[in-house]
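# Structure at a glance
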Amino acid sequence: MTGQAKLLVVDDEPSLQDIVATSMRFLGYQVSVAGSGREAVRMAGEVQPDLIILDVMLPDFDGLEVMRRVRAAGIDAGVVFLSAMDTPKDKVAGLTAGGDDYVTKPFGLEELAARVSAVLRRVRPDESGESLLRVGDLELDPETYQVTRGGRVIELAPTEYKMLRYLMINANVVLSRQQLLDAVWGTDFYGDDSVVATYISYLRRKVDAPEPDGTAVEPLIHTHRGFGYVLRPPRR
């Protein structure tokens, strides 16, 4: 759904690096990581990323220098800077140096994902956009956020949409509660995983609801007791 865009996540804080990399992998990107400027330049040469999520403050040299060296090596990747420095002067420095976007810390993973997607649409205009997801007669359009089944529009709350999207991306794959919890609520969520079952129930009432005339439809969302949940197309 993302054309398997390649990302390089550069941050010297292991926990933040892991959270960002994990969230990007859940969105379908191929992700490599680096923890210093020198490692970032080396990895960029090896991976040839489409986009670099680049911390400005690194232990050896800063993100602006990383970008200069990457550009000098002929790598024309998009760059989204991450920084705790949030003054207009800092942002202007990053953007005028050739960065595509500048995200200040702390930030939400949803915001970062949206910024990454927007930059990819600019640097990979022919292949970065998400395509229509389809499982049986269920369709999800990532561009308009519209979901339909058999042509009937299904209204979803944002969390329901995120869960359904992840289920559709992984159609026919049994997903554990923990996988769904991490994908939808993030790896830093410390609540009870019973919230997953609650939202699965919400989705079933909408996705697997009878037709307006009362005709039953074949369920798409299935429970594998002791394992998790799976979205599977109807049997032919």
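Residues numbered from 1 in each chain as written. Predicted model: local features only at pLDDT ≥ 70, side-chain atom pairs only at ≥ 80, totals over all residues. Heavy atoms only, no water.

Here strand β1 (residues 6–10) lies mainly inside the structure; four of its five residues are buried. Inspection of the sheet shows β1 paired to strand β2 (residues 30–34) by five bridges, in the parallel sense. For Leu7, the partnering residue across the bridge sits in β2 and is Val31. Each parallel crossover has a hand, and the one from β1 via helix α1 (residues 14–26) to β2 is right-handed. Inspection of the sheet shows β1 paired to strand β3 (residues 51–55) by four bridges, in the parallel sense. From the neighbouring strand, Val9 faces β3, where its bridge partner is Ile53. (Buried < 20%, exposed > 50% of the residue type's maximum accessible area, 1.4 Å probe, protein only. Helix = DSSP H or I, 4+ residues; strand = E, 2+ residues; numbered from the N terminus. Pairing = 2+ DSSP bridges. Right-handed = clockwise from strand over helix to strand, strands pointing away.)

Per the UniProt record, the feature "modified residue: 4-aspartylphosphate" (unreviewed entry) sits at Asp55. Within the fold, Asp55 resides in strand β3. With near-sequence residues (within four places) excluded, Asp55 lies in contact with Val10, Asp11, Asp12, Gly63, Leu82, Ser83 and Lys105. (UniProt positions renumbered as here; feature names shortened; annotations may be inferred. Contact = heavy atoms within 4.5 Å.)

A separate point is the side chain of Thr148. With respect to the element layout, Thr148 can be found in strand β8 (residues 146–149). For Thr148, a relative accessible area of 10% corresponds to the buried category. Ignoring sequence-local partners within four residues, the contact set of Thr148 consists of Asp137, Leu138, Glu139, Val153 and Ile154.

So, on to the sheet that holds β2. Strand order in the open sheet formed by five strands is β2-β1-β3-β4-β5, and the pairing between neighbours is parallel. Across the chains shown, the open sheet's two edge strands, defined by having one partner strand only, are β2 and β5 (101–104). With strand direction ignored, the average angle separating the axes of adjacent strands in the sheet is 20°. The pairing of β3 with strand β4 (residues 78–83) spans five bridges and is parallel. What sits directly across from Ile52, in β4, is Val79. Set on the sheet, α1 makes contact with β1, β2 and β3; between it and β2 the angle comes to about 170°. (Axes fitted to C-alpha atoms, helices over the stretch in contact; angles between N-to-C directions.)

Time to look at the sheet that holds strand β6 (residues 133–135). Across the sheet, which stays open at both edges, the four strands sit in the order β6-β7-β8-β9 with antiparallel pairing between neighbours. Every other strand in the sheet has two partners, leaving β6 and β9 (152–154) as the edge strands with one partner each. Direction aside, neighbouring strands of the sheet carry axes that sit 25° apart on average. Examined bridge by bridge, β6 and strand β7 (residues 138–141) share three bridges and lie antiparallel to one another. Within β7, the residue paired with Leu133 across the bridge is Leu140. Each of β6, β7 and β8 touches helix α6 (residues 158–169); the most contacted strand, β7, lies at about 115° to it.

Along the chain, the position of Leu58 falls in the loop between β3 and α3 (63–72). The exposure class of Leu58 is buried, given its relative accessible area of 11%. Expressed as a C-alpha distance, the spacing of Leu58 and Arg38, which sit 20 residues apart in the sequence, is 9.7 Å. If we skip the residues at most four places from it in the chain, Leu58 touches Val10, Asp11, Asp12, Gly35, Ser36, Gly37, Gly63 and Val66.

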